Each structure stands twice: as structure tokens, then as C-alpha cells.
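# Observations on chain architecture
Each chain, written out:
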Amino acid sequence: MVDYIIDQNLAILAVNNPPVNALSHHVREGLVEGIKKANANDQVTAIVIIGKGKIFCSGADIREFSNHAAIKDPVLTSVGHTIENSGKPVISAIHGNALGGGLEVALFCHYRIASESARVGFPEVLIGILPGAEGTVRLPRLSGLSFAMDMIASGKQINAKDAFKHGILDKVCTGNILEEAKDFAKKVIGQPLDSRRLSRINVEDASNVDAVFEVALAQVKKKYKGQIAPIYCLKSVRNSAKMSFDKAAAEERRLITELMLGYQSIALRYSFFAERSASKWRLPCGASVNNTKPSKIESTGVIGAGTMGSGIAVCLIRAGIPVILVEKDPKMLEKGMETISGILDGSVKLKRMTPGQKAKCMEILKGATSLDKLSNVDLVIEAVYENLELKRQIFAQLDKVCKPSTLLCSNTSTLDIDKIASATNRPDKVVGTHFFAPAFIMRLLENVYGSKTSPTTVATVMELGRRIGKVTVLVKTCYGFVGNRTHQCFGAEASFLLEEGCLPQDIDQVLEEFGMAMGPFKVSDLSGIDVGWRIRQEVAKAAGFKLTTETRYHNGERISTVGDSLFEMGRYGIKTGKGWYKYDPTNLRKPVPDSDVADVILDHCAKMGLQRCKIPPQEIIERCLFAAVNECFRVLEERVAEKPEDIDVIWQYGFSFPRYAGGPMFYASQVGLKRVYERVCFYHEKFPYSSHWIPSDLLRKLASHSVEIPMSQWKEFVNGSKL
Ligand SMILES: CC/C=C\CC(=O)SCCNC(=O)CCNC(=O)[C@H](O)C(C)(C)COP(=O)(O)OP(=O)(O)OC[C@H]1O[C@@H](n2cnc3c(N)ncnc32)[C@H](O)[C@@H]1OP(=O)(O)O
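Residues numbered from 1 in each chain as written. Predicted model: local features only at pLDDT ≥ 70, side-chain atom pairs only at ≥ 80, totals over all residues. Heavy atoms only, no water.

Domain assignment breaks the protein into domain 1 (2–260), domain 2 (300–478) and domain 3 (502–612). On a C-alpha basis, the centres of domain 2 and domain 3 stand 30 Å from each other. (Domains from an automatic or database assignment.)

Right, dumping it as C-alpha cells:
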């Protein structure tokens, strides 16, 4: 796993552990052996460590963290000490990325050079730990405290030029990295090494440590609310300036061990692999990412220039994919084109794009008022409002207008893809591409296959998701798919809690303390109370009943209409300055609890004869989350989602479920399925008029086992395959 090559008087140690040269046990062994062998060879005058393939090194092998038997000697710090104590200069030659333990290997070396396109960073915090192989003690000795605290606590990667500026690199190279490393090595042969050993030098700005720490701590607490690891990162860097090198390193080891065993790190490591597993789609017929080729998509159409259509068009043109935006009303089309230009101006302002790049995006965007203009595109995404008849009409027309190979996608957030596909003669080429609002910001794309969607169509939209930078998950069609179907139960319970004793701010506060970025009522104000109202009206209309603020039950199902009362008062949320909260027009980001809303809720309860009482935070969490969890198990049982990880990724990226709590399925696994099942049964008995409390069969089966079944085996219990 580490190739040992002698090249004239140099020993080249090439880390060879595809795909990303993680520092697995054999790599660590190979590095120690290589350094020892080179030092024992009189012909060798210097040593170069390099990575084979596309990257220098991605850091420690994260899979080993959950398997303590794999963390065998030599551990990374002892590998590092062998490198640092080498009597011959060791140069790390970085290309691609040097991350985490990979950057630590470089910091153990006496010299570091990198290609100008290389990036370095300490992403450990993103998996809930800190750079525990002396990274927090070594980096400040090169870059100073403030920069080290920021880089380590944020997990951000920096480019080679910045790394050079902050003393991390000794040279940025423009030529072949290996050749440049060999030249560099020849120049440093014979130079004294002690001043190059970071363990022997001091932190220059150590006297400022307390002031630097306080500033960084205040920022970190605000930016990474609820997360433990960023604070530990700062503490460990602070130690580097307050203690001897060895003491600070020992303390770093204690801190990483504590973090590694904690819930947040276990959840974040799970999230790292869950996100990657989402792209590995598989259909029940056996077709999968491994055996199905996507079609080429070189041109697209987007139908509807409203909020969703414009946002989707931005995603496509930003990735260099030409778009024809179709809107039948010329004024609406013009407004849509202006919205798109405005969104891109925002990116230019934030320096995420240059004015030249914006111009290029706008060049590949064309407007049209008729579907006929889509005759030649490879893929169309329909983004009109949520109405099945309208969508069926559009798809029937597209089927006539578009070339036979064109894929027809719907941005529906709830409707059955089969019902849309049956309006065409190409149901195999019809698929759901459900973007989350605002589409140009939210990273999630929920792709939805129907009973006739072909594997090639699925492969193509999954690949499209990757191209436009989305985290893309594949699910099977059903009402609301995975995202909205399971989230609806969460929202319904939040509304019922209002009728039973809570105010919006009580519920938001508890769920934010749990880790949600925003509570459900703040989210509702942001997305618009009118949007929720319209959806509820459509659903009621389709089911043939009239929904009023007096409605409490339909078809034996409990309904809450408090939000509809706010709609009728014109309180649509932030857009009208009032919703579940009130907003000062000069500070729309700060929701203020409103006594008028409390009055509306109390009136509603009085009119309906509902008794109110104090509801403890634990019940708020259980009611919202376990209702959703139960539905998630049903989704798994019906194979709407193939694996629990897919559901968790949807909740993280679609509904800001805290990554450090894993997702509803991971959360349930940690609470224990027996306990979850017990509470679901308890609430089912208490609330017989909410079908989302009917316990899922799969949950019951899993909970009935005497030992907890690991998440990776839940699938095996679907369809009665295991009892
Ligand atoms: C004592 C402790 C000392 C040190 C602590 C550490 O070093 S912790 C590890 C710190 N490093 C990281 O967190 C890096 C994580 N990896 C990445 O950011 C990206 O994978 C990377 C390296 C930028 C490459 O990105 P790319 O998009 O090209 O590939 P992808 O992410 O899909 O990864 C490819 C497969 O490699 C697996 N993988 C990546 N990094 C690691 C790792 N450090 N350990 C184990 N496995 C890793 C990844 O899961 C993919 O495999 P798959 O089977 O598809 O899941």
C-alpha cells in the first residue's frame, strides 16, 4: 500500500491505497517501513512522500473508527514521529488534496510542497472529531493561532496559494509535482533539520492566546450551535499555546477519544457514508448505478417561470446546461428571466461567480412562450403549480411536441408519477425530479420513479443531479414521496400541539434546541402560509370535501386548521410581515412572537372546545419526531425508499435535520426501536384519529427482537422476509 522506489539518491514513498489514499493500517505500516528502510540505506540522501492517483491523502480511514480492532499499531502519531525523527530530510509532495491525517503526515515532514491546484484542510470537525495526530498542536506553530483555530474549527479546505501565505507550504509548484519534489529534495540535502521539526519550535503568538480564543469561541458558538467538536478544536489549539508540546499532544489525544465515542461523531460519520450511499441507486428489477448507462443531456427545457421553474433553470445553466424557459404569459416570462438574472447577480455579489461567468450562464438561457420550442431538447422539467389535470395536459402535449428520445420530468412534490406518465405514450421516459425550494440553494434532489420508468431514465436523472451539484436520492412514487410524506406527519403533530397547549415559539424553541436549523413555524413563515393553505385546499378539493376553519375531522382523520385562520387574516408569513410571528420590516430575519397569534390559537381552541394544558419539551420532540419516524418505517416497508440512509439524507438536506443527529432513522436506532415502538403505540392509543400513529408493521417486527437489529439489517425484514 506504500510503493518504495529508489530514484538516484532519493527514496520515493508513494501511498497507493485507492480510491483516496486513506491511511489504513497497511498504509501506516508501509510509511514506517519506508522511512526506516530509506534511513538504513547509505545511498539515500532524502525521502519524498507522495500519493498515487488523483490525491495525496484523504486522511485517516474513517471506517476504522467504528472498528477498534482495526486501529492497530502503528497509530498515526507514531508513524509521524518516525517521519519527524528521520535523520534524512523528508519532503511531502502534495497534489489533489491533503486532508485530515493526510495533512498531519505533511506536518510531520520537514518540508511541504504542493501543486498550485492542490487543496489542504482539516475536515475532522465535519465528522465530529478533531485532528488528533498532533494537527491542533502543529498547525499553530506554522500559521499562528487565529488562523489555525478558524481552519480547524470550520473544517474548510484552502488552496495551495493560501496555504503558502499562511506558512503551511514551503513552495507552490506549477510543473510535475514529483519532478519538482526531486529538485526540491536535492536542494535541502545536508541542511540542519531541527528547526524544520515542528515539535521543536514554539507558537509565536502564544501570549495572545486567551484573547484569540474568546473571539473564536463566540463565533463558533453562534455559527455551529449545538455542536461539540468545533469547541473542542478551539480548546485543543489553545492548549498548543499554553502547554509544552508533549502535554498539549497528550491532551489532544484525550479530547479526540472523548469526541470519537460521543453520539455526535457517531452520527456525523454515519452521515458521511449515508450521503455517499445515496448515489448508489438500485431498482427492484436489479438495474443499478453499476450496470446502467445514462443518456447524454445537452439541452433542456423548463416549463413554468415561477419561483420553482426559475430556481431550477438557475441550477441547470450554472452547470453549463442550456435551458429554454417556457411560460405562456410573456409578462411572467420576462419576470422569470429577471428573477434568474437577479439570482445570478446575488452570486456575483457574494463572489461565488464572476460577472463573466454570469454572462455565460445568461447566454445559454432562452425564453419561449410555446411548448413547440421544446421539440429538440433532450430533457424537459415541468414546474407548474401542483394540479394533476394541468400536469397531465402538459405531458400529453410534450409527448406530441418533443422528439421521441426526450425525457419528461415533473417537479411535482406530491403527485403520482404513474398518473402523469399515463398521459403520454412514453411512460418509460417519465420521471419525477423533485427540487426543494429555493431550488438554487437547497442541495437536495429527490428523483422519483414510476412503475414504468426505465433504468436508463433513472440513470440519466441521477447523473443530472450529480452534474448540477445536488445530493440526489432515488425513491419510488407514492403520495408525497419520501420527503413530503414523512415530513407531513411532523408538521401535523406540530399543529396539533398548538391546539393542545403550545404556542408556535414553544415548539420552534424545543426543536431548535434539538438541532433543527429552524422550527416548523419559522419555516412556514419563510415558505408562506398561503402555500400550505393552497396545498390543503387542493387536497380537499381532490377528495371532494370543503375545508373550512371549522373542520376538525375528515374521513375519521384529525385535521388542524389554525394556519387557515391566519391565512384568512392575510398573515402569509415573512412576505406580508406577519404570520406565525411578526416581523419588523427593517429586520425580516428576526421573528418576534405575537400576542395576536396567541389570541387566534386560544379563540380556535375555545370555539372547538379543546382543553389546553402545559406540554413538556420531551413530548414535543416525541410527537413530532416519532410520528415522522413511524411513517419513515412505512416508507421503507413499502420500498418507497430502498434504505434507511436515503430517508436520513432527505431529512438532512430537505428539512435541515441536524447532521450531528443523523436523521430520523438514525435517531430512532439510537433511541432504540423498542422504546420508539412503545411510544408510537402509546400515542396511537391516545390519538386514534391520526392514522400516522398506526404502528408500522416493519417497526413492530424489528422492535419485537430481543436484541437491537442494526440499521444495515433493517431491509432484510421488509416484506416478511425475516420475522
Ligand atoms: C487520529 C485521527 C487522525 C486523523 C483524523 C482524520 O484524518 S479523519 C479523516 C479526515 N478526512 C476526511 O474527512 C476526508 C473525507 N473525504 C472527503 O472529503 C472526500 O472523500 C475526498 C477525499 C475529497 C474525495 O472526494 P470525491 O468526491 O472524489 O470522492 P468520494 O467522497 O465519493 O470518496 C470516494 C470513496 O472514498 C471513501 N472515502 C473518502 N475519504 C475516506 C476516508 N478518509 N476514509 C475512508 N473512506 C473514505 C468514500 O466513502 C467513497 O467510498 P464509498 O464506498 O463510495 O463510500
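Another aspect to go through is the packing of aromatic side chains. Applying the stated criterion to the full structure yields 19 aromatic pairs. Considering the side-chain rings of phenylalanine 633 and tryptophan 714, the 5.0 Å spacing of their centres and the 45° angle between planes classify their relative orientation as tilted. Placement of the pair is phenylalanine 633 in helix H24 (residues 617–637) and tryptophan 714 in the segment after helix H28 (697–703), with a sequence separation of 81 residues. Pair check on accessibility: phenylalanine 633 and tryptophan 714 agree, each one buried. With a centroid separation of 6.3 Å and an interplanar angle of 15°, the aromatic rings of tyrosine 683 and phenylalanine 687 are classed as stacked. (Phe/Tyr/Trp six-rings, centres within 6.5 Å; stacked < 30°, edge-to-face > 60°. Helix = DSSP H or I, 4+ residues; strand = E, 2+ residues; numbered from the N terminus. Buried < 20%, exposed > 50% of the residue type's maximum accessible area, 1.4 Å probe, protein only.)

This brings us to the UniProt feature "domain: 3-hydroxyacyl-CoA dehydrogenase C-terminal" (unreviewed entry) in the protein. UniProt records the feature "domain: 3-hydroxyacyl-CoA dehydrogenase C-terminal" (unreviewed entry) for residues 480–583 and 620–705 in the present numbering. Between the end C-alpha atoms of residues 480–583 there is a gap of 31 Å, over a span that is 57% helix and 7% strand. Annotated as 69% helix and 0% strand, the span residues 620–705 places its first and last C-alpha atoms 28 Å apart. (UniProt positions renumbered as here; feature names shortened; annotations may be inferred.)

Attention now moves to the pattern of salt bridges. With the rule as written, the count across this model stands at 42 salt bridges. For lysine 171, the salt bridge is made with glutamate 180, and the minimal N-O distance between the two is 3.0 Å. The partly exposed category is assigned to lysine 171, whose relative accessible area is 29%. Of the residues examined, glutamate 180 reaches a relative accessible area of 15% and is grouped as buried. With its nearest N and O atoms 2.9 Å apart, the salt bridge here joins glutamate 638 to arginine 485. Placement of glutamate 638 in the loop between H24 and helix H25 (644–655) and of arginine 485 in helix H18 (residues 483–500) is noted, with a sequence separation of 153 residues between them. Residue classification places glutamate 638 among the partly exposed positions, given a relative accessible area of 35%. If you follow the salt bridges from partner to partner, you end up with Glu493, Glu499, Glu500, Arg558, Glu619 and Arg623 in one network. (Salt bridge = Lys/Arg side-chain N within 4 Å of Asp/Glu carboxyl O.)

Now for the pairing of strand S13 (residues 379–382). Taking every second residue as pointing to the same face, both faces of S13 are buried, with Leu379 and Ile381 on one and Val380 and Glu382 on the other. Where strand S10 (residues 300–303) lies against S13, 4 bridges are found, and the strand directions are parallel. Across the sheet, residue valine 302 finds its bridge partner in S13, namely isoleucine 381. Taken together, the 4 bridges between S13 and strand S14 (residues 407–410) define a ladder with parallel strand orientation. When the sheet's bridge partners are listed, isoleucine 381 is paired in S14 with cysteine 409. For the crossover that starts at S13, traverses helix H15 (residues 388–401) and ends in the parallel S14, the hand is right-handed. (Pairing = 2+ DSSP bridges. Right-handed = clockwise from strand over helix to strand, strands pointing away.)

Tracing the sequence through the fold places isoleucine 113 in strand S6 (residues 111–115). Taking the C-alpha atoms as reference points, isoleucine 113 and glutamate 678, 565 residues apart in sequence, are found 58 Å from one another. Excluding residues that lie within four positions of it along the chain, isoleucine 113 makes contacts with Ile91, Ser92, Ala93, Ile94, Leu169, Lys171, Cys173, Ile177, Glu180, Ala181 and Phe184. (Contact = heavy atoms within 4.5 Å.)

Another point: the site of the ligand. The ligand sits among 24 residues. The nearest are Lys54, Ala60, Gly101, Arg276 and Lys280. Between the ligand and the protein, one listed contact pairs an oxygen atom with a backbone N or O atom of glycine 101 at 2.7 Å. Taking arginine 276, its side chain carries an N or O atom lying 2.7 Å from an oxygen atom of the ligand. Isolated, the ligand exposes 1,000 Å² of accessible area, and the fraction of that covered by the protein chains is 75%. Mapped onto the shell around the ligand, the elements with two or more residues apiece are helix H3 (101–108) and helix H11 (263–278). (Near = heavy atom within 4 Å. Polar contact = N/O pair within 3.5 Å; in protein donor to acceptor, adjacent residues only side chain to side chain. Areas by Shrake-Rupley, 256 points an atom, 1.4 Å probe, with all protein chains shown as cover.)

Another aspect to go through is the nonpolar core. Core analysis: the largest hydrophobic core is formed by 99 residues, its most contacted members being Leu374, Leu398, Ile507, Trp580, Phe633, Ile647 and Trp714. Counting the residues that make up this core, at least three belong to each of domain 2 (300–478) and domain 3 (502–612). Not counting residues within four places of it along the chain, the set of residues in contact with tryptophan 714 comprises Phe633, Leu636, Pro644, Met665, Ser669, Leu673, Leu698, Leu702 and Ile709. (Core = buried A, V, L, I, M, F, W, Y, C linked by side-chain atoms within 4.5 Å.)

Here the focus is the sheet that holds strand S8 (residues 157–159). A sheet is described by the order of its strands in space; here 3 strands give the open sequence S5-S7-S8, paired in mixed fashion. The open sheet has two edge strands, strand S5 (97–99) and S8, and neither has a second partner. This sheet shows a mean twist of 20° between the axes of neighbouring strands, independent of strand direction. Looking at chain direction, strand S7 (residues 119–121) and S8 are connected through 3 bridges and run antiparallel. Looking across to S8, one finds that arginine 119 is bridged to asparagine 159. Of the strands in this sheet, S5 and S7 are in contact with H3, which crosses S5 at around 90°. (Axes fitted to C-alpha atoms, helices over the stretch in contact; angles between N-to-C directions.)

By the alternation rule, side chains of S10 split into Thr300 and Val302 and Gly301 and Ile303, which are all buried. Summarising the sheet, S10 and strand S11 (residues 323–326) pair through 4 bridges and their orientation is parallel. Of the residues in S11, the one forming a bridge with valine 302 is leucine 325. Since S10 and S11 lie parallel, the crossover through helix H12 (residues 307–318) that links them has a hand, and here it is right-handed.

Another aspect to go through is the state of the cysteines. According to the stated counting rule, one finds 0 disulfides in the structure shown. Not part of a disulfide, cysteine 361 finds its nearest cysteine sulfur in cysteine 315, a span of 11 Å. Cysteine 361 gets classed as buried once you look at its relative accessible area, which sits at 5%. No disulfide involves cysteine 681; its sulfur sits 16 Å from that of cysteine 489, the nearest cysteine. For cysteine 681, a relative accessible area of 23% translates into the label partly exposed. (Disulfide = S-S within 2.5 Å.)

This brings us to the environment of glutamate 29. Inspection of the secondary structure puts glutamate 29 in helix H1 (residues 25–40). Given the relative accessible area of 28%, glutamate 29 is considered partly exposed.

The next point concerns the environment of aspartate 525. Tracing the sequence through the fold places aspartate 525 in helix H20 (residues 520–527). In this structure, the C-alpha to C-alpha distance between aspartate 525 and tryptophan 580, residues 55 residues apart in sequence, is 6.4 Å. Side-chain polar atoms of aspartate 525 contact the backbone nitrogen of tyrosine 581, separated by 3.1 Å.

Strand pairing in a sheet is mediated by backbone hydrogen bonds. Such pairs are either parallel or antiparallel. Across the sheet, which stays open at both edges, the 8 strands sit in the order S12-S11-S10-S13-S14-S15-S16-S17 with mixed pairing between neighbours. At either end of the open sheet lies a strand with only one pairing partner, and these are strand S12 (365–368) and strand S17 (471–476). Each strand axis lies, on average, 25° off the axis of its neighbour in the sheet, ignoring direction. Sheet strands in contact with H25 are strand S16 (444–449) and S17, and its direction is about 130° off that of S17.

The subject of this paragraph is the side chain of lysine 88. One can find lysine 88 in the loop between helix H2 (76–84) and strand S4 (90–94). Notably, lysine 88 is buried but unbridged: the nearest opposite-charge side chain belongs to aspartate 42, and the N-O separation is 5.2 Å. A polar atom in the side chain of lysine 88 sits 3.0 Å from the backbone oxygen of valine 44. Beyond its immediate chain neighbours, meaning those up to four positions away, lysine 88 contacts Ala38, Asn39, Asn41, Asp42, Val44, Thr45, Ala46, Ile47, His110 and Leu193. (Lys, Arg positive; Asp, Glu negative; His and termini not counted.)

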